[in-house]
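What follows is each chain in one-letter form.
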Amino acid sequence: IPRLYRRAGMKPRVLLIDLHELPKPRETLDEVRFELPAERVLVITALGSLTAEEVKALGFTVIERPVTIGVIVAAIGAMLSRTPPEHSPHASTGR
């Protein structure tokens, strides 16, 4: 995760990780778990990478390939509806 997103108020509400050609998928997912709750991460599996069962065991939401963009968008939309936005310390208070 880029350093920018590690600061308070800058973390994404939802993170999409595609395992296709990701060099170190297990290390990436382990790192992400320290930055975001697993229920805010959607992982798309890839042939030759971690299995859906392995990813689910880590607590992440999983979509297996083959998959359409529409299915991914629907899953992200559902996750966003359950995830309140973080309040940025730099946001205007409207006063």
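Let me sum up the structure you'll find in this document. On a predicted model such as this, the values are computed, not experimentally measured, just so you know. Every chain is numbered independently, its residues counted from 1 as its sequence is written. The predicted nature of this model means local features are confined to residues of pLDDT at least 70 and side-chain atom pairs, given and counted, to a pLDDT of 80 or more, with totals for whole chains, interfaces and linings taken over all residues. Water and hydrogen atoms play no part in the side-chain values, which are based on all heavy atoms of the structure.

## Quick notes on the sheet that holds strand β3 (residues 61–63)
- Strands pair, by our definition, only if DSSP identifies at least two bridges between them. By definition, any uninterrupted DSSP run of H or I lasting at least four residues is a helix, any uninterrupted run of E lasting at least two residues is a strand, and each is numbered from the N terminus. Strand order in the open sheet formed by 3 strands is β1-β2-β3, and the pairing between neighbours is parallel. Among the strands making up the open sheet, the edge pair consists of β1 (15–18) and β3. Between one strand axis and the next, the sheet turns through 25 degrees on average, direction left out of account.
- When strand β2 (residues 41–44) meets β3, the two strands line up parallel, connected through 3 bridges. In this description, a line fitted to the C-alpha atoms serves as the axis of each element, helices being fitted only across the stretch in contact, and the angle between N-to-C directions of two axes falls anywhere from 0 to 180 degrees.

## A short note on the pairing of β1
- Taking every second residue as pointing to the same face, the buried face of β1 carries Leu 15 and Ile 17, while none of Leu 16 and Asp 18 on the other face is buried.
- One ladder, built from 4 bridges, connects β1 with β2; its direction is parallel. Bridge pairing links Ile 17 to Val 43 in β2.
- With its strands directed away from the observer, a crossover is right-handed exactly when the path from the first strand over the helix to the second travels clockwise. Read from β1 through helix α1 (residues 25–35) to β2, the crossover connection turns out right-handed. Remark: exposure states derive from per-residue accessible area (1.4 Å probe, protein chains only) relative to the maximum for the residue type, with buried under 20%, exposed over 50%, and partly exposed in between.

## A few points about the environment of Gly 9
- With respect to the helices and strands, the residue Gly 9 is situated in the segment before β1.
- By relative accessible area, Gly 9 is classed as buried at 18%.

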